[in-house]
Amino acid sequence: MSRTFLKRGLCLWGSALLATCALPACTSSKPTKEERVMAPEAQAVADVSHMKMSEGSDNSPAPPLAAAAPSPKDTDTDDVSEDEFSAKAVRAQGGVVGVVAGAPTATAPSVAYSPSGPGDSAQMGAPMRPPARAAKPMSVAMYRERKMDLADDAPTGGNTHEAWKPNTFIETAKDPLSTFGADVDTASYTVARRHLTQGSLPPGSSVRVEEFINYFKFRYAPPENGAFSVHLDAAPSPFDAKRHFLRVGVQGKSVSRSQRKAAHLVFLMDTSGSMSSPDRLPLAKEAVKIAVKNLNENDTVAIVTYAGSTRDVLPPTPASDVKRIHAALDSLESGGGTAMGSGMEMAYKHAVKKASGQVVSRVVVLTDGDTNIGPNLNPNSMLESIRKYVAEGVTLTTVGFGMGNYRDDLMEKLADKGNGNCFYVDSLKEARKVFETQLTGTLEVIAKDVKLQVEFNPAVVSRYRLLGYENRDVADKDFRNDKVDAGEIGAGHNVTAMYEVELIPGAKEKLATVRVRAKAPNGTEASEQAFPFERSMVASSLEAASPDFRFALSVAATADILRGNPAAQDWSLKTTQKLAEGSAASNAERLEFVQLVTQARALSGASARGN
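Structure report, in brief.

Definitions and limits used
- Within any chain, residue numbers begin from 1 and follow the written order of that chain's sequence.
- pLDDT decides what is reported in this predicted model: residues at 70 or higher carry local features, side-chain atom pairs at 80 or more are listed and counted, and totals for whole chains, interfaces and linings draw on all residues regardless.
- Side-chain metrics in this entry use all non-hydrogen atoms of the structure; hydrogen atoms and water are not considered.
- Buried means the residue's accessible area, taken with a 1.4 Å probe over protein chains only, is under 20% of the maximum for its type, while exposed means over 50%, and partly exposed covers the values in between.
- Under the DSSP-based scheme used, a helix requires at least four consecutive residues in state H or I and a strand at least two consecutive residues in state E, with every element numbered from the N terminus.
- Two strands qualify as a pair provided that DSSP identifies no fewer than 2 bridges between them.

Each regular strand carries side chains that alternate between the two faces of the sheet. By the criterion of burial, strand β17 (residues 512-519) is predominantly enclosed, with 8 of the 8 residues buried. Of the strand pairs in this sheet, β17 and strand β18 (residues 526-533) are connected by 8 bridges, and their pairing is antiparallel. Bridge pairing in β18 links T513 to P532. Counting the residues in the hairpin turn of β17 and β18 gives 6 residues.

The structure is reproduced here in structure tokens:
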């Protein structure tokens, strides 16, 4: 056993012990953004310590979602069906992938450890056995992650995610204000879907509750006046008789395709060697073709690529010149390193030339997020290099592809700071959803720097916690500071947030006041609206709540369980599955979610039995 190996093993277990001892109890103080970012080691320990998926006596594994049978040949993407394209994507990844920051586990070395009792040391190479505490089992993915952490020859690449400490309960009497920025990203849900479809639980650090919820559309009434309307409702918790869940929904106004402003899109396409598999560059090219098909005659398209160097592939071209655009796309091939920072700067230089109050100018990055050569290798330096273009009104959409070296942390951060949105595409079906519907919606930004603030009434609400939005946290004092950046809402988008609260028995006053503050697309000063959350908006029972509410609760709770949130350790996927089944109706996306929860239950049940 090498000295390096011994050092790494001792450091790992020492970090684990310290992190376990330092796990915070629920307090009434709000952590800062920096405090909410967890180190990968601490996140791994938190995942192991707090992932408890209580299933009662029903631990029988459900049938896994069907994965397309791979074929040993034919990786061309022309004229293929959606199922064939997805089959190639699954084949390209070699099946199951379960990862933690920096460590892919699909091809993990055959090294096992045995969780030992007091006084024992980890037995490298010994047969794997389940943890001693069966009440808090590791998931299948977590066993693999810990094996990779202990592997002496573990690879340095892998998917990377930024772990955020979950929001804890806040005592209303001490701090009645909850403030955060709007978010319409959906990447986290699609990443989790890919993991579950391929047979592993998603890493806890990859799960962002708000992106799970906002993947789905809810039936909020459109605004009669202004940019958006606000919908408020609540119902008792299915997990704790002493608690309720509150929903805050924001619906953006719709703008028809013919009414929206002209758009100039600069597609920045990663053509490096890591993009060679069918689920990366070939799928990205098909996605751009879908986008072009849905643009107007006044819109223009440019294409910039980056690999070992950057290249202008297509100058600004009318979207109606489909033949020329398709020819440029079809000419793209993968190879070389990844100079993402240089590509970003070139794309922004093109985009800013057409940015104005009459034209929507947007950079759309299509990549696995991997960047390994050239200047500006990290998101902060990339953002610094393009800051002046962002200030001039150029917005950014990041679209992720592939698995195994996917930089989720980079993609999410760039979209956040670039005043845009983050998506992940795992199939041709998802490409259609993102590039036909969601991208078109974000082209027409109807409100920017959108902040929400909920002021809870301490006479009615004793404690509260916001599910998700940790990386969208805004200091309460900055709610009316219009220089502080927040989220953007595109035409037709809706934003949903869920709170878990404890109500004071017998109180009849309003629960809270919800305020929304936002700027016009080209404005510098924000306007503010306030909406009372009346006691009459609380349903008498969960069954009496709307199907939309119950489905949103199911999604939020499932995400909180999958991320290993200590506040959800007594919750059950069996309950969330039942909620989803009762509120999915015939909606295809909701029915797919039911299947995913079924798969998550099967995987967590297998983990609990040590398989």
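After that view of the structure, there is still more to cover.
For D449, which is not glycine, the phi dihedral falls at a positive 50°. Its identity is not glycine, yet Y469 carries a phi of approximately 65°, on the positive side. For Y469, the location among the structural elements is in the loop between β14 (461-466) and β15 (487-490).

Most of strand β6 (residues 243-252) sits inside the fold, with 10 of its 10 residues counted as buried. Of the two faces of β6, the one holding R243, F245, R247, G249 and Q251 and the one holding H244, L246, V248, V250 and G252 are both buried throughout. Both strand β5 (residues 228-236) and β6 contribute to a ladder of 9 bridges, which runs antiparallel. Across the sheet, residue H231 finds its bridge partner in β6, namely G249. The hairpin formed by β5 and β6 contains 6 residues between the paired strands.

Further remarks concern the environment of V292. Note on placement: V292 falls in helix α8 (residues 281-293). Judged by relative accessible area, V292 falls into the buried class, the value being 4%. The spacing of V292 and I325 is 33 residues in sequence and 8.4 Å in space, taken between C-alpha atoms.

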